[in-house]
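# A closer look at the structure
Below, each chain spelled out in residue letters.
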Amino acid sequence: MKFLIEENAKIDIKLAISWLAKKIPADEAKTQILAIIYDVKNQLIVHPNSGTKCQFNFENKYREIIKNNYRTIYKLDQLKKEITIILFCHTRMNFQSLLSQSNIYNRSIM
């Protein structure tokens, strides 16, 4: 399986690091967030369907995993053998607003 991270999700990850760096040193914040991403990656490569269906329908196109209070939304493409991270955020963030900002609602069905 190929593991990809969309540009918007990369921005989400940087934002999560910045927010966490307000509480702990920046290098520790980066290490913690990247460790979560690596955990998600390793889990999904071994068990791509281990996440749950996204709480909003999306025609069953997206799945989510929550690790250490962070939500990762991903898309699994079995034909291309790709896992793509779409969104990454803290679980306290307004999930529905984040989804609409990420344009998931507007994406065509592939």
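See the structure printed just above.
Below, the structure is looked at part by part. This one's a predicted model, so the numbers in the text were calculated from it and none came from an experiment. (Residues numbered from 1 in each chain as written. Predicted model: local features only at pLDDT ≥ 70, side-chain atom pairs only at ≥ 80, totals over all residues. Heavy atoms only, no water.)

Moving on to the pattern of salt bridges. Summed over all chains, the structure comprises two salt bridges. Across the pair Glu7 and Lys10 runs a salt bridge whose closest N-O atoms are separated by 3.3 Å. With Glu7 and Lys10 both in helix H1 (residues 7-20), this residue pair falls three residues apart, about one helical turn. Note that Arg71 and Glu64 form a salt bridge whose closest N and O atoms lie 2.6 Å from each other. Of the two residues, Arg71 and Glu64, neither departs from the other in class, the shared state being buried. (Salt bridge = Lys/Arg side-chain N within 4 Å of Asp/Glu carboxyl O. Helix = DSSP H or I, 4+ residues; strand = E, 2+ residues; numbered from the N terminus. Buried < 20%, exposed > 50% of the residue type's maximum accessible area, 1.4 Å probe, protein only.)

Once that is clear, we can look at unusual backbone geometry. Glycine aside, the phi torsion of most residues is negative, and most peptide linkages are trans. Even without glycine at this site, Asn68 takes up a positive phi of about 50°. Topologically, Asn68 is positioned in the loop between strand S3 (62-67) and strand S4 (70-77). Positive phi values are uncommon outside glycine, yet Lys81 reaches one of about 55°. Mapped onto the secondary structure, Lys81 falls in the loop between S4 and strand S5 (82-90). Residue class for Lys81 comes out exposed when judged on its relative accessible area of 55%.

With respect to the helices and strands, the residue Ile5 is situated in strand S1 (residues 2-5). Given the relative accessible area of 25%, Ile5 is considered partly exposed. The sequence separation of Ile5 and Ile85 amounts to 80 residues, and the corresponding C-alpha distance is 4.7 Å. Excluding its chain neighbours within four sequence positions, the residues that come into contact with Ile5 are Lys10, Ile13, Ile37 and Ile85. (Contact = heavy atoms within 4.5 Å.)

Take the layout of surface pockets next. Roughly 480 Å³ of internal volume is contained in the largest pocket. Lining the largest pocket are 19 residues; nearest its centre among them are Trp19, Leu20, Lys23, Tyr70 and His90. Where the lining of the largest pocket is concerned, the elements lending two or more residues are H1, helix H2 (26-46) and S5. When residues of the lining of the largest pocket are assigned to their parent elements, the largest contribution, five residues, is made by H1. (1 Å grid on protein atoms, 1.4 Å probe; cavity = no way out; pocket = protein on both sides within 12 Å on 5 of 7 lines; lining within 4 Å. Points joined across faces, edges and corners; volume = space filled by probe spheres on them.)

For the structure shown, the criterion picks out one aromatic pair. On the basis of an interplanar angle of 0° and a centroid distance of 5.3 Å, the ring pair of Tyr70 and Phe88 is categorised as stacked. Separated by 18 residues along the polypeptide, Tyr70 in strand S4 and Phe88 in strand S5 bring together distant segments of the chain. Taken as a pair, Tyr70 and Phe88 share a single burial class, namely buried. Note that Lys22 overlies the ring of Trp19, its terminal NZ or CZ placed 3.7 Å from the centroid. (Phe/Tyr/Trp six-rings, centres within 6.5 Å; stacked < 30°, edge-to-face > 60°. Lys NZ or Arg CZ within 6 Å of the ring centre and 35° of its normal.)

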